[in-house]
Amino acid sequence: MALIVQKYGGTSVADADRIKHVAQRLAARHAAGDKLVVVVSAMGSTTNELLQLAAQVSDHPEARELDVLLSTGEMVTKTLVAMALHTLDVEAVSLTGAQAGLQTDTSHGRARILAVEPARIERELERGRVVIVAGFQGISEELEVTTLGRGASDITPVALAAALKAKQCEIYTDVDGIYSADPRIEPNARRLRDISYEEMLELSSLGARVLHPRAAELAMVFNIPVVVASSFEEGTGTLIHGGVTMEQFNKVRGIADDPHVAKITLRGVPDQPGIAAAIFEPLAEHHISVDTIVQNASVERLTDLTFTLASSDLSAATKIVKEAAKQIGAGEVIAEDHVGKVSIVGTGIQSAPGYAARMFRALSEAGINMEMISTSEIRITCIMQETDVEKAVRALHATFEMEKAEASEL
Ligand code: ADP
Ligand code: ASP
Ligand code: MG
């Protein structure tokens, strides 16, 4: 008898029929003898609808109230899944994040899990019940309801799997695994049989929304095997694990794209110590993460500084940077939305010769202008216009022959 933590995403529980389908899958697995803890997302686009509703009554909804509102989406689903299981004569109980013991910090809308107190779940499992948990939410030390961030219900099952020492975590979604690129953009994308934690973390952080980056990170830290598979059909999916991957013929394991990127340029920045800190510290204080940073060589002790960030942070960041620019005596601040980034990811990419050159050649042959480039040991990222992102994914997928299976997978 194994303890398994599963998660079903929004599309997989979008209506009553899908919820009944999920309940049938759970009933079969329960009958087979596994102990199940099941995390669910809000139904379909409920979270977006709740956000729109809040916007209709307030321009600046208080973060505390917004979190309580958003947490209701997942609560509706967990209750309905439990009810559907009861009709199949399966003993089940549904729990909120707080009841499930998910303790977080107090940062509303982007809370981090500090600890999981699994006693309640363990008691329910001992009674033979299937435990359904509302994803994406927790409770702070001040007993406030918190949410973990958009798309973050993936984090809940991995945290629970770690706390409960589950055998494995299974994420069920609307695709049947992790692909070499988003299959909605590249129809020739190939499903990967397995992928390392490091590669998955990189793909997720660079835009592959199939798994939240903090879920990949937690899985890596606690060494929890994660299977990503379809909730609609049977299949083995993709295993994310820490096992050593044999040396691959093709170093590129995946292509990630993110069309929701923005860019800020500061002109005429005085070239002296402490200037970069003066710009980036206030951004960090407001929890705004910046990505690729490029500083040009200075001419007459003035330089230009450009960096990218998430589109959703652009307006707040522009205000902060304009203020900082005034204080350090810099020139114009230019904010540009509608840029995107495309990355090739794979262990050893940087040390293998030729990958960067092939990437740049493929993009130039597709007529795509690269605005910025950044690299790490495991990836090469290009910033471009948002309208070029999908074309770039397809061009790179073809250039690196990613539709072909690795010899180890045949
Ligand atoms: P859920 O609601 O189940 O959390 P998401 O919409 O968050 O599902 O994530 C699944 C989606 O991720 C897929 O429909 C797919 O379009 C997208 N995706 C992006 N990159 C990849 C990839 N490399 N492999 C598989 N899916 C990907
Ligand atoms: N319901 C939340 C969202 O839409 C969390 C999730 O589904 O992952 O962002
Ligand atoms: Mg998701």
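Residue indices follow the written sequence of each chain, beginning from 1 at its first position. The order in which chains are written sets their letters, starting at A; the order in which ligands are written sets their numbers, starting at 1. Note on the predicted model: pLDDT of at least 70 is required for a residue's local features to be given, and 80 or more for side-chain atom pairs to be given and counted; whole-chain, interface and lining totals, by contrast, use all residues. Note: side-chain values were computed over all heavy atoms of the structure, leaving out hydrogens and water.

**Student:** What should I look at first to understand the packing of helix H6 (residues 197–205) against helix H7 (residues 213–222) in this one?
**Tutor:** When two helices pack together, their arrangement is captured by the angle between the axes and the distance separating the axes. To get an axis, a line is fitted to the C-alpha atoms, and for a helix only the part in contact is used. The angle between two axes follows their N-to-C directions and goes from 0 to 180 degrees. Strands here are runs of E lasting at least two residues and helices are runs of H or I lasting at least four, both read from the DSSP assignment and numbered beginning at the N terminus. Closest axis-to-axis distance for the H6/H7 pair is 8 Å, and the angle between their directions is 165°. Here H6 is positioned roughly antiparallel relative to H7, judged by the angle of their axes. Every pair of crossing elements has a handedness; the one defined by H6 and H7 is left-handed. Of H7, the residues touching H6 (which contributes Tyr197, Glu198, Met200, Leu201, Ser204 and Ser205) are Pro213, Ala216, Glu217, Ala219 and Met220. With respect to orientation, any angle under 35 degrees is reported as roughly parallel, any angle over 145 as roughly antiparallel, any angle of 65 to 115 as roughly perpendicular, and every other angle as oblique. The handedness criterion is simple: a crossing whose near helix is rotated anticlockwise from the far helix by less than a right angle is left-handed, and one whose near helix is rotated clockwise is right-handed. Residues are treated as being in contact if the distance between any of their heavy atoms lies within 4.5 Å.

**Student:** It is not clear to me how the site of ligand 2 should be interpreted in this structure. Could you clarify?
**Tutor:** One heavy atom within 4 Å of a molecule or strand makes the whole residue count as near it. Lining the immediate surroundings of ligand 2 are Ser41, Ala42, Thr47, Glu74, Phe136, Arg150, Gly151, Ala152 and Ser153. In the model, a nitrogen atom of ligand 2 is placed 2.8 Å from a nitrogen or oxygen of the Thr47 side chain. Between N or O atoms, a polar contact is any pair within 3.5 Å; within protein, one atom must be a potential hydrogen donor and the other a potential acceptor, and residues adjacent in sequence are included only when both atoms are from side chains. In the environment of ligand 2, an oxygen atom lies 2.8 Å from a nitrogen or oxygen atom belonging to the backbone of Gly151. Note on areas: Shrake-Rupley, 1.4 Å probe, and residue coverage restricted to the protein chains presented here. Look at ligand 2: alone it shows 270 Å² of surface, and the protein chains cover 86% of it. All residues other than Ala, Val, Leu, Ile, Met, Phe, Trp, Tyr, Cys, Pro, Asp, Glu, Lys and Arg, Gly among them, are scored as polar; the first ten of these are nonpolar and the last four charged. Of the residues that constitute the shell around ligand 2, the class distribution is 3 nonpolar, 4 polar and 2 charged.

**Student:** Can you walk me through unusual backbone geometry in this structure?
**Tutor:** Negative phi values dominate among residues other than glycine, just as trans dominates among peptide bonds. Although it is not a glycine, Asp89 sits at a positive phi angle of roughly 60°. To sort residues, take the accessible area from a 1.4 Å probe on protein chains only and compare it with the maximum for the residue type: under 20% means buried, over 50% means exposed, and anything in between is partly exposed. Given the relative accessible area of 74%, Asp89 is considered exposed. Backbone geometry at Arg301 places phi at a positive 60°, although glycine is not the residue there. When you line up the elements, Arg301 lands in the loop between strand E14 (290–295) and strand E15 (302–310).

**Student:** In this structure, what is going on with the pattern of salt bridges? I would like to understand it.
**Tutor:** As a working rule, side chains carrying opposite charge can pair if their charged atoms are close by. Here, a salt bridge means any side-chain nitrogen of Lys or Arg that lies within 4 Å of a carboxyl oxygen of Asp or Glu. According to the stated counting rule, one finds 23 salt bridges in the structure shown. Asp194 is paired through a salt bridge with Arg253; the nearest N and O atoms lie 3.8 Å apart. Taken together, the positions of Asp194 in strand E10 (residues 194–196) and Arg253 in the loop between strand E12 (238–241) and strand E13 (254–270) put the pair 59 residues apart, joining distant regions of the chain. Of the charged contacts, one joins Glu202 and Arg379 as a salt bridge, the two residues approaching to 3.0 Å between their closest N and O atoms. Taken as a pair, Glu202 in helix H6 and Arg379 in strand E18 (residues 379–385) lie far apart in primary sequence, 177 residues in all. Assigned by exposure class, Glu202 and Arg379 land together as buried. Through salt bridges with shared partners, a single ionic network connects Glu91, Arg120, Glu124, Arg127 and Arg129.

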